[in-house]
There are 2 protein chains.
Amino acid sequence: MKTHHAPQPPTPRPPGDDAPVAPAAPGADDPPPLAAQGQEAEVLLEATRALVDPQLRAAVESLPGSIRRVAMYHFGWQEADGTPSSGPAGKAIRPGLVLAAARALDGDPVRAVRAAVAVELAHNFTLLHDDVIDEDRTRRHRPTAWAVFGIPDAVIAGDAMLALAQRLLAEDPDPASARASARLSTCVIELCAGQQADCAFEDRGPEEVTLDECLTMATAKTGALLGCACALGALYAGAEERAVRAMDGFGREAGLAFQLIDDLIGIWGDPVRTGKPVGADLVAHKKSLPVVAALTSGTPAAAELAALYRGSMNTPGEVSRAADAVERAGGRDWAQICAADRMARAVSHLSRAVPDLGRAGDLLTLAEFVTRRTH
Amino acid sequence: MKTHHAPQPPTPRPPGDDAPVAPAAPGADDPPPLAAQGQEAEVLLEATRALVDPQLRAAVESLPGSIRRVAMYHFGWQEADGTPSSGPAGKAIRPGLVLAAARALDGDPVRAVRAAVAVELAHNFTLLHDDVIDEDRTRRHRPTAWAVFGIPDAVIAGDAMLALAQRLLAEDPDPASARASARLSTCVIELCAGQQADCAFEDRGPEEVTLDECLTMATAKTGALLGCACALGALYAGAEERAVRAMDGFGREAGLAFQLIDDLIGIWGDPVRTGKPVGADLVAHKKSLPVVAALTSGTPAAAELAALYRGSMNTPGEVSRAADAVERAGGRDWAQICAADRMARAVSHLSRAVPDLGRAGDLLTLAEFVTRRTH
């Protein structure tokens, strides 16, 4: 069913009495300049990797030989022929969230390292399978695992990585491990639903995907694991269920904000540092959030955009017209306002888990880092 | 590396003092005739399905809509269009082993039902992914899930099924659940290694796979989950680690015996009721256990078989000559003796877990059922 509605600038959700209207750098009257925040996040992530990488690597090295080879390549620790490599193994955003959430709730981050490793393994399981499913040939500036080792080996390595994540939690004597394991499993099912919906959208016409469906998909595909990371940190800090759920809400909303910004960058390029080429998502006919908001706006620009999406859209002129149509249909404004709204909701959730937000500085730094993309 | 050795009829392993030399129907001087044993197993499996199916179905129905659709089709509960179906959902051998192992150790089978469901979900996760990887288009007389829904949906449904298996155990308040979850995860990694090895063998020449590699592969791919099923039953009966390991050994060895028999059937057909066409595995150039035993025998027949395996082998004459070569090279005898030896080892393990084998009647019935294929 099609919905035709003008994208309404969402009313910023009235924050609770205890919630600030926007994320603020704790303990400072003015937020530090972006570059400084970026550096602060880099320091945090560097510290995260120092704590997490040894256990992550030990876990991956425990896999049977032939699977280990694919996994070591995927993480950038080895070349395809098995020679050591120091390629980028990912930024460790999710492990960073696990440890920061534990710290914000007076937990010992060291106790939560195993959970952080499990979350990173689950994340990389999705990358391995998504690359197969989406037929993506490049990740982190290298050929994807399936492009190097074939589809069977990449699917099997993903399967083993998911089982390894679960084994780490199941073997953890920490009293939090069973609830963490249940949360991670539930999250993986949601990730699967998100990936399935994403695939299904590709087979549908430009006006056949509703904005609600698209938001649900993005929440499942991106928000769920960021939420789970924060929730596991809370569990390993011994937090009660209410705080665990609030932490999940924080990560989930921050994840959706991140997705909205990422979708804007997919059309207009990175305002800070150009990572993706301008218009990349349009050339790929991606039904990203700003695009679907525009397509379902009921405006004349929506019809124009739909016509472009039904065509090949491979000339710079067409791509530029499509970006312009998204903007005129209100998709760009909607996504920007929605991203800000989601960040406000994220902070509102966070303030329920950590009433003194001054103690959640690391979490806010990481959330800013992923949404402002100052990296 | 190639190994060239005559397949030695393995000396049946000297059973321990407490182990019988061959599985015997407990409480009877003479084993009942095959047909009666088969019926007994059918009754057992019917009772298993009555206990397990409601929870299995409820679990699958808890999956998100689009994934549920694929899963319901895979289990034979729905047609591709979502209409109800009463297709065969599998024999429930693995859940049967979980419950029978619990019962043999004085456990309450009802307590172990959730573990039985988890094992069946993990088994079906492997079926979904293996069918994609092996490009198999038919299972249980119906098109496979990927052939109906496409590769992405089948991979995603398999992923979700594995996560669901883990969620059931993680949410189980039973004190056995953490150890069960760890065992299942470890088993899934072994299953992955087995499937990976199986794929890798296909790319190697007929004389480049050793019998040891082939036995390790079959143990990982078939024995590991049968062993895990028995071990989980033991855990849910509150058994100590020694008995849990012995139960794992029983299922593992019985699984290998099953694989050997299945491989013989793949060449010479089913002696009881013809399920597979004669020579099916030869036409497919499958490097099954009797074939690898023959290929690595160092006999003139081995060279003849290798030459046939390097060719197309698609005429009845060639297939018949290959089967004959396997037999002359000693592959058929080796597999038969090895299967009997593995069953003896299985019973030896079982007698360590259940010294009074009269109490393990159901387990022996199921083991006979899978290895004698009287169904």
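Everything quoted here is computed from the prediction, not taken from an experiment.

What counts, and where the lines are drawn
- Residues numbered from 1 in each chain as written.
- Chains lettered and ligands numbered in written order.
- Predicted model: local features only at pLDDT ≥ 70, side-chain atom pairs only at ≥ 80, totals over all residues.
- Heavy atoms only, no water.
- Helix = DSSP H or I, 4+ residues; strand = E, 2+ residues; numbered from the N terminus.
- Contact = heavy atoms within 4.5 Å.
- Core = buried A, V, L, I, M, F, W, Y, C linked by side-chain atoms within 4.5 Å.
- Buried < 20%, exposed > 50% of the residue type's maximum accessible area, 1.4 Å probe, protein only.
- Disulfide = S-S within 2.5 Å.
- Buried area = accessible area lost by both parts, 1.4 Å probe.
- Salt bridge = Lys/Arg side-chain N within 4 Å of Asp/Glu carboxyl O.
- Polar contact = N/O pair within 3.5 Å; in protein donor to acceptor, adjacent residues only side chain to side chain.
- Nonpolar A, V, L, I, M, F, W, Y, C, P; charged D, E, K, R; others polar.
- Least-squares fit on C-alpha atoms with pLDDT ≥ 70 in both.

Undergrad: Just checking my understanding: could you explain the overall build of chain A for this structure?
TA: When helices and strands are tallied, chain A shows 15 helices and two strands. Counted over contacts in chain A with a minimum sequence separation of 6, partners at least 24 positions apart contribute 74%.

Undergrad: Looking at this structure, how should I read the nonpolar core?
TA: One recurring pattern in soluble globular proteins is that nonpolar side chains are buried together. Within the largest apolar cluster, 194 residues are counted, with the highest numbers of intra-cluster contacts made by Leu121, Met247 and Leu363 of chain A together with Leu121, Met247 and Leu363 of chain B. Dropping the residues within four chain positions of it, Leu363 of chain A is found in contact with Leu97, Ala100, Ala101, Ala104, Cys230, Met247, Phe250 and Leu350 of chain A.

Undergrad: Before we go on, may I ask you to explain the state of the cysteines in this structure?
TA: What we call a disulfide is simply a covalent bond connecting the sulfur atoms of a pair of cysteines. All names here are of chain B. For the structure shown, the criterion picks out zero disulfides over all chains. Left without a disulfide partner, Cys187 is nearest to the cysteine sulfur of Cys228, which lies 4.2 Å away. Classification of Cys187 by relative accessible area gives buried; the value is 4%.

Undergrad: Explain the interface of chain B and chain A here, please?
TA: On the side of chain A, 32 residues touch chain B, which itself brings 32 residues to the contact. For the pairing of chain B and chain A, the buried interface totals around 2,700 Å² over both sides, and the portion due to carbon and sulfur atoms is 75%. The largest per-residue losses of area from chain B upon contact with chain A belong to Ile156, Ile189 and Gln196 of chain B, which jointly make up 21% of the total buried on that side. Linking chain B with chain A are zero salt bridges. Along the contact surface separating chain B from chain A lie six residue pairs in polar contact (both at pLDDT 80 or more). At the level of elements, α2 (65-74), α4 (113-134), α6 (151-170) and α7 (177-202) of chain B are the ones that each hand at least two residues to the side of chain B that touches chain A. In terms of residue class, the side of chain B that touches chain A is made up of 20 nonpolar, eight polar and four charged.

Undergrad: Teacher, can you tell me more about the relation of the copies chain B and chain A here?
TA: In summary, the two copies of the chain are related to each other by a rotation about an axis coupled with a shift along it. Turning chain B through 180 degrees and shifting it by 0.0 Å along the axis lays it on chain A, with an RMSD of 0.0 Å. Taken together, the rotation and translation relating the two chain copies correspond to the operation of a two-fold axis. Here 100% of the interface residues in chain B have copies in chain A that are interface residues too; the copies meet face to matching face.

Undergrad: It is not clear to me how the environment of Gln196 of chain A should be interpreted in this structure. Could you clarify?
TA: The residue Gln196 of chain A is located in helix α7 (residues 177-202) in this model. With relative accessibility at 9%, the residue Gln196 of chain A sits in the buried group. Sequence spacing of Gln196 of chain A and Asp130 of chain A is 66 residues, and the spatial spacing of their C-alpha atoms is 9.9 Å. Not counting residues within four places of it along the chain, the set of residues in contact with Gln196 of chain A comprises Ser66, Ile67, Asp153 and Ile156 of chain B.

Undergrad: Where do I start with the pattern of salt bridges in this structure?
TA: It is possible for side chains bearing opposite charge to pair when their charged atoms get close. Tallied over the entire structure, the rule returns 46 salt bridges over all chains. The partner of Asp174 of chain A in a salt bridge is Arg111 of chain A, with the nearest N and O atoms 2.5 Å apart. Remark: Arg111 of chain A occurs in the loop between α3 (93-104) and α4 (113-134) and Asp174 of chain A occurs in the loop between α6 (151-170) and α7; sequence separation between them is 63 residues. Among the ionic pairs, Asp341 of chain B bridges to Arg345 of chain B, the shortest N-O distance being 3.2 Å. Note that Asp341 of chain B and Arg345 of chain B are positioned in helix α14 (residues 331-353) at a spacing of four residues, about one turn of the helix. Owing to a relative accessible area of 4%, Asp341 of chain B belongs among the buried residues under this scheme. Several salt bridges converge on common partners, so that one network encompasses Arg179, Arg183, Glu190, Glu241, Arg245, Asp248 and Arg252 of chain A.

The quantities given are spatial measurements derived from coordinates; they are silent on function.
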